[in-house]
Structures are given as C-alpha cells and as structure tokens.
Amino acid sequence: MDPWYNILMSETIFLKIISGEIPCHKVYEDESVLAFLDIGPLSPGHTLIIPKEPAATLGELSDESSAAIGRVLPRICRAVKAVSGASDYNVLQNNGSLAHQAVFHVHFHVIPCFEGGEGLQMKWNSGTLDPARGADIAERLREELR
Ligand code: AMP
C-alpha cells in the first residue's frame, strides 16, 4: 500500500474528531459510528455521519462499518428532520476530489432543505440511456459483482 495513504489517513480532521483532539457538536455515537454537525452547514441541522474505521472512500469501507452506518442513518435522518423542521432532506456522499470530496474519511451528509433554497443546490444534467449501451453496462456490472 502507498505509504502516503497511512499518513493521509492519520491526518484527516475527522480522525482527530473521533479521538477527541478536535471538538465537535456530537449528535450520536456508538462503537463504530459518530455523527456531528457540519461546521459549514448548507442549512440548519446539516449533519455528518462517519464510520470510526479510517476508510477514505465508501468502496474501501468494510461490510461491518457499512452495516453499522446503515443501521443508524435512517434514525439520524428522522432526528435531523424533526429538529430542523424540514419536510425534505438530501443524503449526500462524495467520493474523490472530482466528486467534491474534501475530507478523505468516508462521511454521509444529511442536509435539510427549506423553501427558498436553503439546503443542497445541484445541477442534474441527465442524459438518455441508450438501450444497447445500458444492456452492456448492466451486464458488465453484474459480472463485476459476481
Ligand atoms: P466533503 O466535501 O463531502 O468532503 O465534505 C466535507 C465536509 O466536512 C464539509 O461540509 C465541511 O464543512 C465539513 N467539515 C470540515 N471540517 C469540519 C469540522 N472540524 N467539523 C465539522 N465539519 C467539518
């Protein structure tokens, strides 16, 4: 493994939050998961949910940590919705700098949306799925997942 990987992982700000070296507004913690308020919220209640396992991107996360996040994510979403008063919210998870990931420790954003635009703003430049191309991609994905 690239030696820079461990250095990078040991220096993420989220690892320092997990260890208590840097403070946070904690909203949930168990043995595998921590959730806290985002320091630069897109809207009131913007919350981050992170595994304690130091994986940079979702595809690198163990099944155990993924399951631990999956178990609490809906509960945290319900709490964010109830406390923020938002009727709607986005769950965002960025992987890699092209995908706007800034902190290389897996995290899920829960972002309440409000009338008037507070919340996640996004462009959704949808194309059209060509049937032949779609069949090919789906077949290759099934093969990869076997
Ligand atoms: P991303 O672009 O998906 O990597 O998002 C990283 C998020 O981490 C941003 O929304 C930041 O505001 C947030 N963030 C960075 N440092 C802290 C911190 N010390 N406490 C809470 N949130 C943070």
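What counts as what
Residues numbered from 1 in each chain as written. Predicted model: local features only at pLDDT ≥ 70, side-chain atom pairs only at ≥ 80, totals over all residues. Heavy atoms only, no water. Helix = DSSP H or I, 4+ residues; strand = E, 2+ residues; numbered from the N terminus. Polar contact = N/O pair within 3.5 Å; in protein donor to acceptor, adjacent residues only side chain to side chain. Salt bridge = Lys/Arg side-chain N within 4 Å of Asp/Glu carboxyl O. Patch = residues over 30% accessible without salt bridge, like charges linked within 9 Å, V, L, I, M, F, W, Y side chains within 5 Å. Areas by Shrake-Rupley, 256 points an atom, 1.4 Å probe, with all protein chains shown as cover. Near = heavy atom within 4 Å. Nonpolar A, V, L, I, M, F, W, Y, C, P; charged D, E, K, R; others polar.

Undergrad: Explain the side chain of glutamine 93 to me, please; I cannot follow it from the model alone.
TA: Within the secondary structure, glutamine 93 is located in the loop between strand 4 (88-92) and strand 5 (108-113). Of the polar contacts made by the side chain of glutamine 93, one reaches the side chain of asparagine 95; its length is 2.6 Å.

Undergrad: It is not clear to me how the pattern of salt bridges should be interpreted in this structure. Could you clarify?
TA: It is possible for side chains of opposite charge to pair when their charged atoms get near one another. Under the counting rule described, the total for this entry stands at six salt bridges. Residue lysine 52 is joined to glutamate 29 by a salt bridge in which the shortest nitrogen-to-oxygen separation is 2.8 Å. Taken together, the residues lysine 52 in the loop between strand 3 (47-51) and helix 3 (63-84) and glutamate 29 in strand 1 (residues 26-29) connect sequence positions 23 residues apart. Each of Glu139, Arg142, Glu143 and Arg146 takes part in one network of salt bridges that share partners.

Undergrad: Looking at this model, I keep getting lost on a nonpolar patch on the surface. Mind explaining?
TA: Taken together, the side chains of Ile137, Leu141 and Leu145 make up a nonpolar region of the molecular surface, amounting to roughly 310 Å² of accessible area. Turning to its location among the elements, isoleucine 137 is positioned in helix 4 (residues 131-145).

Undergrad: How should I be thinking about the site of the ligand in this particular structure?
TA: Lining the immediate environment of the ligand, one finds 16 residues, of which Asp38, His100, Ala102, His107 and His109 sit closest. At a separation of 2.5 Å, an oxygen atom of the ligand approaches a polar side-chain atom of aspartate 38. Within the backbone of glycine 40, a nitrogen or oxygen atom sits 3.5 Å from an oxygen atom of the ligand. Burial of the ligand by the protein chains amounts to 82% of its free accessible area of 500 Å². Going through the elements one at a time, helix 2 (13-19) and strand 2 (33-37) are the ones with two or more residues in the shell around the ligand. When residues in the shell around the ligand are grouped by element, the largest group, three residues, is from helix 2. Partitioning the shell around the ligand into residue classes produces nine nonpolar, six polar and one charged.

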